[in-house]
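Structural characterization, general
For reference, the chains in residue letters:
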Amino acid sequence: MEVVRWPLCYWELVLWKVFLHIGIENKDGDESMKPARVRFAPSPTGHMHLGSARTALYDYLLAKQTGGQFILRIEDTDQKRYVEGAEQELLDGLHWLGLDWDEGPDKGGAFGPYRQSERKEIYQQYARQLVESGHAFYCFCTPERLQTVREEKIRNKVQAKYDGTCRNISVEEADRRIQNGENHVVRFKTPKTGTTIVHDHLRGDIVVDNSTLDDYIIVKSDGLALYHLAAPVDDHLMKITHVLRGSEWLPTFPLHSLIHKAFGWEEPVWVHLSVFLKPSGKGKMSKREAMDLAKDGKSIFIKDLRELGYIPEAVVNWIALMGWSYDDHTEFFLLDDLIEKFSLDKLNPSPAAINFTKFDHFNGLHIRNLSIPDLTKRIYPFFVEKRINVDLEKLEKITPIIQERLQTLDDAPDLGGFIFDEEVEVTASELVAKNTTRLESLNILKEIYQVIKQLPQINHEIAEPPMRELVEKLGYKPGQVFGILRVAVTGKMVSPPLFETMEIIGREKVISRLQDAIKLLEGLSE
RNA sequence: GCCCCCAUCGUCUAGCGGCCCAGGACGGAGCCCUCUCAAGGCUCAAACAGGGGUUCGAGUCCCCUUGGGGGCACCA
């Protein structure tokens with residue numbers, strides 16, 4: 001009797017679960033479809049890389065999915081680190097990836113300016129507000145003194161924090177000293193006791209002991225705000241609903257939350273994305289390592305990827321899947337699919353090693369997904385780059401036969417370039433088929449020539465049947481006969497399918513190349 | 001050193017307590033197709049870091065250990 005009881009309980013539980021699940025899903029569905037205002041906020045200090053591209057992608061997807069806005073904001077408060085051309089590279093990279101923004105420095109918008117260096121006064125005003133409300137204070141300590149204090153604390157193995165010298169200087173006194181021209185910064189007055197609870201969408205609540213927090217500087221002595229002040233102020237003013245950023249911001253996350261609270265502002269949804277690790281999985285990629293990748297035809301920089309022959313569709317698909325997934329088997333996504341299917345809830349908080357091999361796979365997949373005219377246009381520049389005398393019309397004929405053989409666009413000239421050559425370079429040894437002698441191969445070659453010469457034109461339908469008959473007649477393996485033909489006509493051991501290739505090369509050239517090959521082998525056999 | 005985060009095949013990941021002796025993908029091995037190379041199809045090898053709990057039941061929840069990562073600037 002007892003045994004019969006518990007399965008009943010089990011089914012009861014299942015029913016409960018189903019019931020609850022439906023309830024929860026409905027609630028979530030409504031919540032997530034409110035239009036989101038999401039910002040991508042890079043600093044123009046270097047090349048745009050995969051990590052920032054992914055953040056921008058997720059930003060874009062969330063904005064588009066909810067019918068909200070994708071905002072580009074340039075975080076250039078540190079003029080010392082400004083790199084000429086970096087901003088333009090950012091814009092180019094975003095455009096190339098297809099992530100077009102709704103508001104930004106070049107486009108304007110209702111919440112500008114979108115370059116932080118143009119918002120200096122705004123930050124000063126908000127910093128002052130923080131001082132007056134007792135949430136921040138002016139600090140007159142010299143960098144030299146601070147340095148000494150820090151070093152001593154490190155020596156004593158104590159957390160190297162600000163020692164609080166200026167923490168209790170009154171606003172009046174501070175103003176007097178500022179009036180006298182004393183150098184000063186503004187520091188946030190972090191609570192000394194208690195805990196701060198912040199909520200990350202992927203990690204849930206994070207509880208931090210306030211005693212581990214520092215009185216961070218929020219305005220420098222040159223009057224410019226630091227990220228810690230500028231970002232919260234802008235996010236609030238620009239009505240940002242979701243902040244997606246790298247997990248390197250986790251340690252200062254409590255500070256940012258505290259600043260929002262000090263102003264009495266509602267906080268955005270915070271999402272800290274996992275970092276990308278180098279392919280070995282051992283740590284973040286260093287500048288040096290990033291440079292070294294270029295030698296293998298790999299790179300983490302967006303502008304390089306384009307030159308290496310990767311296509312934006314593949315980049316988007318690949319990086320989308322590093323830290324996000326849709327289900328347990330779907331992996332091929334176009335940008336529009338992602339807009340529809342992306343979800344913050346399916347993000348993965350753990351760090352991900354960059355896998356370039358899989359990137360190649362995605363690139364091949366997306367290249368094969370392209371239409372012939374589209375692919376032709378995209379490979380064209382790579383022929384030009386290799387100084388091959390291309391013409392678009394002829395190129396479009398070989399595109400279909402090399403398409404499934406391309407891993408990157410850069411492979412195209414190697415694979416199809418020979419059709420633009422006047423001459424092919426053939427060596428005698430290449431012309432000798434496997435398991436045949438030079439004389440045998442020469443004989444086969446002559447037989448081939450006889451057959452081809454009879455044909456009014458060369459294409460798959462007309463040329464293949466007689467060639468098959470020849471193979472049969474000669475008693476060699478198809479691979480041997482076709483191999484000789486291949487080398488004679490293309491000068492390569494590896495080529496796209498033979499008959500399609502010969503059709504594009506044209507009867508004239510095929511015949512003359514066969515003659516050349518015969519001469520070459522004859523010359524050697526004497 | 002201090003603080004924070006993370007932990008499923010080599011790698012990217014599915015898994016939100018029974019559907020899992022753990023599914024997909026890349027890569028690897030093999031086979032099929034085949035004029036070469038691809039593409040495609042099929043098959044195989046390959047993982048829940050360790051230890052404690054909670055529970056009728058744990059990859060899934062909690063704790064510890066270990067490992068990995070990030071951060072400790074008048075950078076972002």
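If you're wondering where the values come from, they're calculated on a predicted model, not measured in any experiment.

1. Concerning the side chain of His228
Mapped onto the fold, His228 is located in helix α7 (residues 227–237). Relative accessible area serves as the criterion here: at 13%, His228 is assigned to the buried category. Of the polar contacts made by the side chain of His228, one reaches the side chain of His256; its length is 2.9 Å. Setting aside its immediate chain neighbours within four residues, His228 contacts Tyr216, Ile217, Ile218, Trp249, Thr252, Leu255, His256 and Ile259.

2. Things to note about the side chain of His242
Locating His242 in the fold gives a position in strand β8 (residues 242–246). Discounting chain neighbours no more than four positions away, the residues touching His242 are Ala36, Arg37, Val38, Arg39, Leu62, Pro268, Val269 and Leu344.

3. Here's the deal with α7
By the criterion of burial, α7 is predominantly enclosed, with nine of the 11 residues buried. When α7 is considered as a whole, its buried residues turn out to be Tyr227, His228, Leu229, Ala230, Ala231, Pro232, Val233, Asp234 and Asp235. Residues of α7 that are buried in the fold lie against β1 (37–40), α4 (120–132), β7 (217–219), β8 and α8 (253–263).

4. Structural notes on the pairing of strand β2 (residues 69–72)
Of the strand pairs in this sheet, β1 and β2 are connected by four bridges, and their pairing is parallel. Paired with Val38 across the bridge in β2 is Phe70. The parallel pair β1 and β2, bridged by helix α2 (residues 50–65), forms a crossover whose chirality is right-handed.

5. Re the packing of helix α14 (residues 372–385) against helix α15 (residues 392–403)
For the pair α14 and α15, the least separation of the axes is 9 Å and the interaxial angle reads 110°. With respect to their mutual orientation, α14 and α15 come out roughly perpendicular. Each of Ile372, Pro373, Leu375, Thr376, Ile379, Tyr380 and Phe383 in α14 lies in contact with α15, whose residues at this interface are Leu392, Leu395, Glu396, Ile398, Thr399, Pro400, Ile402 and Gln403. A per-class count over the contact of α14 with α15 returns 11 nonpolar, three polar and one charged.

6. With respect to the protein's contact with RNA strand B
Neighbouring RNA strand B are 64 residues, the closest being Thr77, Glu404, Arg405, Arg468 and Arg486. One nitrogen or oxygen atom from the side chain of Lys358 is found 3.0 Å from a base nitrogen belonging to RNA strand B. Note that a phosphate oxygen of RNA strand B is positioned 3.4 Å from one of the side-chain N or O atoms of His361. Every element with two or more residues in the surface near RNA strand B is listed here: α1 (2–32), α5 (143–155), β11 (352–353), α13 (356–368) and α20 (478–490). No other element matches α13, which puts four residues into the surface near RNA strand B. Of the residues contributing to the surface near RNA strand B, the split by class is 27 nonpolar, 16 polar and 21 charged.

7. Focus on the environment of Ala231
Topologically, Ala231 is positioned in helix α7. For the pair Ala231 and Leu321, spaced 90 residues apart in the sequence, the C-alpha separation amounts to 28 Å. Not counting the four nearest positions on each side in its chain, Ala231 is found in contact with Arg73 and Gln116.

8. Comments concerning the nonpolar core
Counting residues in hydrophobic clusters, the biggest one holds 109 residues, and the most contacted among them are Ile448 and Met467. With nine residues, the single largest contributor to this core is α2. Excluding anything up to four places from it in sequence, Met467 contacts Ile448, Val451, Ile452, Val481, Phe482, Leu485 and Phe499. By size, the runner-up hydrophobic cluster in this structure holds 34 residues, among which are Ala174, Leu213, Ala225 and Trp265.

9. Brief notes about the packing of aromatic side chains
Under the defined criterion, the tally for this structure stands at 16 aromatic pairs. Seen in terms of ring centroids, Phe263 and Trp265 are 4.1 Å apart; in terms of plane orientation they differ by 15°. Their pairing is stacked. Between the NZ or CZ atom of Arg177 and the centre of the ring of Phe140, over which it lies, the distance is 4.2 Å. A cation sits over an aromatic face here: Arg187 above Tyr162, 3.7 Å from the ring centre.

10. Comments concerning unusual backbone geometry
Excluding glycine, most residues fall at negative phi; most peptide bonds, likewise, are trans. Residue Pro113 is bonded to the preceding Gly112 through a cis peptide linkage, with omega at -5°. Summarising the element assignment, Pro113 is placed in the loop between α3 (86–97) and α4. In this structure, Arg387 is a non-glycine residue whose phi angle is positive, near 55°. Take Arg387: it is sitting in the loop between α14 and α15. The phi dihedral of Asn435 is positive, around 60°, even though this residue is not glycine. Assignment of secondary structure puts Asn435 in the loop between α17 (428–431) and α18 (438–454). For Asn435, a relative accessible area of 69% translates into the label exposed.

11. Points about the sheet that holds β7
Taken in spatial order, the three strands make up an open sheet running β3-β4-β7, and their pairing is antiparallel. Both edges of this open sheet fall to β3 (136–139) and β7, since each of them pairs with a single strand only. Averaged over all pairs of adjacent strands, the angle between strand axes in this sheet comes to 40°, irrespective of strand direction. Strand direction decides the pairing type here: β3 and strand β4 (residues 185–188), joined by four bridges, are antiparallel. When the sheet's bridge partners are listed, Tyr138 is paired in β4 with Val186.

12. Here's the deal with the environment of Arg368
Mapped onto the elements of the fold, Arg368 is located in helix α13. On a C-alpha basis, the gap between Arg368 and Leu406 in space is 8.2 Å, while along the polypeptide they are 38 residues apart.

13. Considering the confidence of the model for chain A
Interpreting fine coordinate detail is not advised for predicted regions of low pLDDT. Across chain A, pLDDT averages 90, with 93% of residues at or above 70. In this model, residues 1–31 is a region of pLDDT below 50 whose contacts with residues beyond four sequence positions or in other chains number one contact. What the predictor reports for the complex is a pTM of 0.92 with an ipTM of 0.96.

The rules we used
Residues numbered from 1 in each chain as written. Chains lettered and ligands numbered in written order. Predicted model: local features only at pLDDT ≥ 70, side-chain atom pairs only at ≥ 80, totals over all residues. Heavy atoms only, no water. Helix = DSSP H or I, 4+ residues; strand = E, 2+ residues; numbered from the N terminus. Buried < 20%, exposed > 50% of the residue type's maximum accessible area, 1.4 Å probe, protein only. Polar contact = N/O pair within 3.5 Å; in protein donor to acceptor, adjacent residues only side chain to side chain. Contact = heavy atoms within 4.5 Å. Pairing = 2+ DSSP bridges. Right-handed = clockwise from strand over helix to strand, strands pointing away. Axes fitted to C-alpha atoms, helices over the stretch in contact; angles between N-to-C directions. Parallel < 35°, antiparallel > 145°, perpendicular 65-115°, else oblique. Nonpolar A, V, L, I, M, F, W, Y, C, P; charged D, E, K, R; others polar. Near = heavy atom within 4 Å. Core = buried A, V, L, I, M, F, W, Y, C linked by side-chain atoms within 4.5 Å. Phe/Tyr/Trp six-rings, centres within 6.5 Å; stacked < 30°, edge-to-face > 60°. Lys NZ or Arg CZ within 6 Å of the ring centre and 35° of its normal. pLDDT = per-residue confidence, 0-100.

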